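Listed below are the residues making up each chain.
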Amino acid sequence: MQETPSTKLPFFSELPAFFSRLESQNRIRTLDPPSGLDLCSNDYLGLSTHPEIIQALKEGIDIYGAGSSASRLVRGHRTVFEELENDFSNWVKSEDSLFFANGYAANLGTISCVADPSYIIFCDRKNHASLMDGVRLSGAKKVYYKHSDLNDLENSLKKYSGTKHKMIVTESLFSMDGDKTDIRALIDLKEKYGALLYIDEAHGIGLFGEEGAGVSLEGNSSRISEIDFRMSTLGKALGLEGAVISTTKDARKYLLHSARTFVFSTGPLPAIAHAGRVAIRLARQMENERRILTENSEFFRDSLHQIGRDTGNSNTQIIPILLGSEEEALQLSSRLEQNGFQAKAIRPPTVDISRIRVSLNSKIQRKDLEKFIQLVREN
């Protein structure tokens with residue numbers, strides 16, 4: 001590194017030691033373009049390459065231009081954003097919705113403006129970083145409960161039952177472990193103890209529930225209004241980018257005034273909203289793709305178990321292959337890539353146990369999964 005006045009400052013002078021430490025732990029990260037068969041993205045329904053969505057994006061640019069040019073509260077708003085929000089609300093059976101630039105911005109902005117230091121927020125131990133960063137920014141007291149252990153959650157709720165402001169925050173489908181939480185039991189707990197309930201549906205939207213409307217809708221349609229906030233992304237199963245917070249009309253209005261990641265961000269590309277309406281229409285109809293994905297996920301998980309591999313508590317399209325070390329995860333990922341599969345090694349501190357995180361999509365064929373299993377067996 002060429003020496004400049006800045007490189008003499010502590011931050012820059014300490015970087016070599018930082019990278020040396022990461023290297024000794026096999027935790028150096030790199031940016032790599034896609035290669036081989038996709039077994040690591042979140043494009044669960046293959047919609048990112050769907051011709052109707054690609055055409056809708058092109059149409060959106062022709063209609064609205066390349067960008068929104070400003071915050072939606074200044075000059076960046078377009079009626080197509082409200083049309084997308086209405087379509088989403090109709091799909092997930094919500095009173096109203098608000099469109100954000102991405103899931104991180106939606107979680108960060110919503111939690112940090114709804115809660116404040118008067119709140120206690122009860123967080124699943126394995127919640128996504130965007131949820132936890134929202135909690136930190138809110139200034140609320142954070143109380144962890146054991147992963148998906150609702151008895152542990154209830155014990156904590158009892159302990160703080162005298163606190164007026166409470167919120168439960170969890171993912172519906174956990175992004176690194178591939179297991180679902182019990183939404184119905186969470187609704188019971190939030191009602192019993194007077195807490196707000198915030199559900200992150202990032203990896204469930206498009207795949208579970210009636211017409212793919214999310215894990216929250218699996219057997220809970222009559223009580224869906226009792227979930228106070230639901231975050232759903234367009235950046236995974238819907239193949240685009242952006243995210244939606246679904247809530248009440250008054251709460252949407254509050255977020256529009258108070259969520260800093262909404263108020264102070266340039267509005268998303270209007271073309272994304274234009275294409276997002278098409279993605280919602282398509283996703284609602286993709287029962288066959290959801291069936292294929294479920295069947296292949298069960299086959300893949302069962303096959304891994306037969307060769308002695310541990311997949312944790314996965315019961316969805318996200319299937320971790322849990323491994324003993326960072327080095328083992330990197331070696332297996334490299335071997336898979338050399339044989340035409342892209343499945344990334346995920347290591348601490350992102351997760352507690354190093355793993356290959358396999359995320360299946362509806363386009364993958366059974367013969368490819370069989371070849372993948374054989375490579376894992378031989379490793």
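Here the structure is a predicted model, which means the values were calculated and not measured.

Asker: Whenever I open this one, the sheet that holds strand S3 (residues 119-124) confuses me. Can you help?
Answerer: Sheet strands associate in pairs through backbone hydrogen bonding, adopting either a parallel or an antiparallel arrangement. The strand order across the open sheet formed by 7 strands is S2-S8-S7-S6-S5-S3-S4, and the pairing between neighbours is mixed. Whereas interior strands pair on both sides, the edge strands pair on one side only; in this sheet they are strand S2 (96-100) and strand S4 (141-145). Each neighbouring strand pair of the sheet contributes to a mean axis angle of 20 degrees, computed without reference to strand direction. Direction of pairing for S3 relative to S4: parallel, over a ladder of 5 bridges. Within S4, the residue paired with isoleucine 121 across the bridge is lysine 142. The strands touched by helix H9 (residues 249-258) are S2, strand S7 (229-233) and strand S8 (243-247); relative to S2, the strand with the most contacts, the crossing angle is about 25 degrees.

Asker: How should I be thinking about the environment of serine 89 in this particular structure?
Answerer: Locating serine 89 in the fold gives a position in helix H4 (residues 79-92). Considering only alpha carbons, one finds serine 89 and serine 246, 157 residues apart in sequence, at a separation of 6.7 Å. Ignoring sequence-local partners within four residues, the contact set of serine 89 consists of Ser94, Glu95, Asp96 and Ser97.

Asker: Quick question: what am I supposed to make of the packing of aromatic side chains here?
Answerer: Any aromatic ring pair is given by two values, namely how distant the centres are and how the planes are angled relative to each other. Tallying each qualifying case throughout the model produces 9 aromatic pairs. Judged by centre distance (5.1 Å) and plane angle (80 degrees), the rings of phenylalanine 11 and phenylalanine 12 are edge-to-face. Seen from their ring centres, phenylalanine 100 and phenylalanine 262 are 5.7 Å apart, and the 65 degrees between their planes marks the pair as edge-to-face. You can see phenylalanine 100 sitting in strand S2 and its partner phenylalanine 262 sitting in helix H10 (residues 260-263), a full 162 residues away along the chain. A relative accessible area of 6% means that phenylalanine 262 is categorised as buried. Every member of this aromatic cluster is reached through a ring pair, and the members are Phe300, Phe341 and Phe372.

Asker: Would you mind showing me how to read the domain arrangement of the chain here?
Answerer: Often the size quoted for an interface is simply the accessible area lost on bringing the parts together. Structurally, the chain comprises domain 1 (51-285) and domain 2 (287-377). Each of domain 1 and domain 2 was reduced to a C-alpha centroid, and the two centroids are 27 Å apart. Contact with domain 1, which involves 18 residues of that partner, is made by 15 residues of domain 2. Interface of domain 1 and domain 2: buried area, both sides summed, is about 1300 Å²; carbon and sulfur atoms make up 50% of it. Inspection of the region where domain 1 meets domain 2 yields 2 salt bridges.

Cut-offs applied
- Residues numbered from 1 in each chain as written.
- Predicted model: local features only at pLDDT ≥ 70, side-chain atom pairs only at ≥ 80, totals over all residues.
- Heavy atoms only, no water.
- Pairing = 2+ DSSP bridges.
- Helix = DSSP H or I, 4+ residues; strand = E, 2+ residues; numbered from the N terminus.
- Axes fitted to C-alpha atoms, helices over the stretch in contact; angles between N-to-C directions.
- Contact = heavy atoms within 4.5 Å.
- Phe/Tyr/Trp six-rings, centres within 6.5 Å; stacked < 30°, edge-to-face > 60°.
- Buried < 20%, exposed > 50% of the residue type's maximum accessible area, 1.4 Å probe, protein only.
- Domains from an automatic or database assignment.
- Buried area = accessible area lost by both parts, 1.4 Å probe.
- Salt bridge = Lys/Arg side-chain N within 4 Å of Asp/Glu carboxyl O.

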